[in-house]
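So the chains spell out like this:
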Amino acid sequence: MGQTVAQKIIARAAHRDTVEPDEVLWVDVDIAMIHDSGGPRRIWPMLTELGVRVLDPDRLVMVSDHYVPAQDVGAAEILQTTRAFAKEFGVTRFHEAQGIAHTLMVEKAYLRPGMLYVGGDSHTCTGGVLGCLALGMGSTDLFGVVATGRTWLRVPHTIRVEIDGALAVGVTAKDLILTIIGDHGMSGGLYRVLEFGGPAIAGMGIQERSVLTNMCAEIGAKTGIIPADDVTVSYLAERGVDVEPGPVSDQDATYAETWRYDATAVEPVIARPHRHDDVVPASEISGVPVGRAYIGACTGAKHSDLVMAAEVLRGRSVAPGVLLQVAPASRGAWEQAIGDGTAATLMEAGAHILSTGCGACPGIGSGVLGPGEVCISTTSRNARGRMGSPDSQVYLGSAYSVAAAAVAGEIVDPRMLMVVPA
Amino acid sequence: MTIIEGRVWKFGDDVDTDVIVPGRYLIGDVPEIARHVMEGIRPGFADLVEPGDIIVAGSNFGTGSSRDVAVKAMLAIGIRAIVAESFARIYFRNCINSGLAPVECPGASVIEEGQRVRIDLLDGKVTVVDTGVVLEAVPLPKEIASILDAGGLVGFMRREIEADHR
Ligand code: SF4
């Protein structure tokens, strides 16, 4: 019986030839990531309690992204603890205020095709964009991984998500994944792996692809994966890492389901408050007034997103009464935006630039929402109170849709503001 | 801890960890965080719960952020088990790792708030004490049950370390 790519990666990590769905196994972890929020401040006391240390600091990456820059003394202390942990255990791949963990794991090419990767955050699944099995877990799980290099898992079933066609102008991977989430609901992928493929995927760059794996968290999936192809290989090669394409699923692998989409038919969509699976075409809810527009998060503030926003904002201004905030997903993304003029375009249009980090996305950093505020955001979640007050409202959309709403002062189909070939 | 009995608090589908413990409280420690459990949808919940109570919920309980304080805060207010039609996978793991029993019970929606339920973890049965109705639950695989039995992952690893030294 053929194996899916997820089964192959787990089999290798479990020192087995093959594995079957629903088996519970202990596996070796190739690389782990912890961040300032769920990391050292929660894990260190557990290590101390058991009198054990970090097993292999070279297989650990640490990122301070949730509490940077410190908003108060409590946040500053969390950052101090994180720094002290890196020093105590000799973790050299430690990045403070350099970007959001999921963005950095990809940008810095820490992840390689075929790896079994465990991260202390629910959007760890983003890493599946490089063809690894990227599993998000909580702090206690990460304590176990950090101390022993191992973890347990249940072998998942896989759903094949086959995407035909190509996205039209003004339509993005964000619109595609929101459409999929809208169709299947926020528990539609529960316990299973979403494996993406097809012509539309082959035609997308790594940054756009990563939105698909990132938002697998929003459909309840164990993770998302895009098996490494030529695009992956050249992305890693540009970063000095040589790999072969693959691993890929066998021709006769068994899938729990196959979901088919035609990318050509996808249109700009928006998720309404307070559920990210309440998805409607942007054109259907145009006219909803917004006071805040937020371009941020691992999901929606990569360089490619900043470029999209600039495309809409070029030569235009943010509407009176609207605050457009941009929190780049990494320092690298912002440097690139400065280099190619994107940053200047955003600022000339009136965007307020925040430092890189999670920012307002989890309701922790700069730019959170007050009661009654209505925001359109490139982030991934809009549960009640996620970005601040429980009485605020968050609409989710692509960088095009957020920039367009910032200009219009209300939700619009972003294609209204773009040159779309007839 | 193979039999757990208690009074039921009922919640719906897709209860998000941002609702269980909002991000703005994450800066604090567990006892402080615990005072705010569920406050967005059930203000004052932490004060209503008595030690030994049980949560019953719909599908995809604990979806969203991986914060495992969303489990530790439940333990801190006295919740002893969560029975749900299904769990978000990270929340399920966090329960096991922290020693809070997660009981996957596809028929859980018939249970009503205020009723008492008796859970048999090993047999995979949930009995509604008030009505005598018995519901099937998914029994825990033995590898996972042994972690829960040790009170969570820290206790499990302590057992392993002690076994190595013996
Ligand atoms: S940007 Fe938002 S979704 Fe991404 S890691 Fe930070 S808090 Fe999570």
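Structural data are supplied above this passage.
Thresholds, definitions, all that
- Residues numbered from 1 in each chain as written.
- Chains lettered and ligands numbered in written order.
- Predicted model: local features only at pLDDT ≥ 70, side-chain atom pairs only at ≥ 80, totals over all residues.
- Heavy atoms only, no water.
- Near = heavy atom within 4 Å.
- Nonpolar A, V, L, I, M, F, W, Y, C, P; charged D, E, K, R; others polar.
- Domains from an automatic or database assignment.
- Contact = heavy atoms within 4.5 Å.
- Buried area = accessible area lost by both parts, 1.4 Å probe.
- Salt bridge = Lys/Arg side-chain N within 4 Å of Asp/Glu carboxyl O.
- Polar contact = N/O pair within 3.5 Å; in protein donor to acceptor, adjacent residues only side chain to side chain.
- Helix = DSSP H or I, 4+ residues; strand = E, 2+ residues; numbered from the N terminus.
- 1 Å grid on protein atoms, 1.4 Å probe; cavity = no way out; pocket = protein on both sides within 12 Å on 5 of 7 lines; lining within 4 Å.
- Points joined across faces, edges and corners; volume = space filled by probe spheres on them.

## Quick word on the site of the ligand
Residues and elements named next belong to chain A.
Part 1 of the reasoning: What surrounds the ligand is the set His66, Ile100, His102, His123, Ala297, Cys298, Cys358, Cys361, Pro362, Ser380 and Arg386.
Part 2 of the reasoning: A class-by-class count of the residues in the shell around the ligand yields six nonpolar, four polar and one charged.
Part 3 of the reasoning: Counting only domains with at least three residues in the shell around the ligand, you end up with domain 1 (5-263) and domain 2 (268-417).

## A look at the interface of chain B and chain A
Part 1 of the reasoning: Listed as interface residues are 42 residues of chain B and, on the opposing side, 49 residues of chain A.
Part 2 of the reasoning: Contact with chain A buries area across many residues of chain B, yet B:Ile27, B:Arg89 and B:Arg93 alone supply 20% of it, more than any other trio.
Part 3 of the reasoning: Linking chain B to chain A there are four salt bridges.
Part 4 of the reasoning: B:Arg93 is the partner of A:Asp141 in a salt bridge, and the nearest nitrogen-oxygen pair spans 2.8 Å.
Part 5 of the reasoning: Taken together, chain B and chain A are joined by 18 residue pairs in polar contact (both at pLDDT 80 or more).
Part 6 of the reasoning: Listing elements by their share of the side of chain B that touches chain A, those giving two or more residues are helix 1 (17-20), helix 4 (69-77), helix 5 (89-98), helix 6 (142-149) and helix 7 (153-165) of chain B.
Part 7 of the reasoning: Examining the composition of the side of chain B that touches chain A, we find that eight residues originate from one element, helix 5 of chain B, more than from any other.

## Details of empty space enclosed by the protein
Summary: where empty space remains is shown by rolling a probe the size of a single water molecule over the atoms.
Part 1 of the reasoning: Under the defined criterion, the tally for this structure stands at nine cavities of 30 Å³ or more.
Part 2 of the reasoning: For the largest cavity, the calculated volume is near 350 Å³.
Part 3 of the reasoning: Around the largest cavity, the lining comprises 31 residues; the ones closest to its centre are A:His35, A:His66, A:Asp121, A:Pro362 and B:Ser65.
Part 4 of the reasoning: When residues of the lining of the largest cavity are traced back to their parent elements, those giving at least two are helix 2 (40-50) and helix 10 (297-300) of chain A.
Part 5 of the reasoning: In terms of residues, the lining of the largest cavity owes the most to one element, helix 10 of chain A, which gives three residues.
Part 6 of the reasoning: Split by domain, the residues of the lining of the largest cavity number at least three in each of domain 1 (5-263) and domain 2 (268-417) of chain A.
Part 7 of the reasoning: Reported here for the second largest cavity is a volume of approximately 150 Å³.
Part 8 of the reasoning: Lining the second largest cavity are 16 residues, and of these A:Ala217, A:Ala221, B:Gly64, B:Arg89 and B:Ile90 lie nearest its centre.
Part 9 of the reasoning: Secondary-structure elements contributing two or more residues to the lining of the second largest cavity are strand 6 (133-136) of chain A together with helix 5 of chain B.
Part 10 of the reasoning: Here the element with the most residues in the lining of the second largest cavity is helix 5 of chain B; it accounts for three residues.
Part 11 of the reasoning: Among the residues making up the lining of the second largest cavity, the classes are represented as seven nonpolar, seven polar and two charged.

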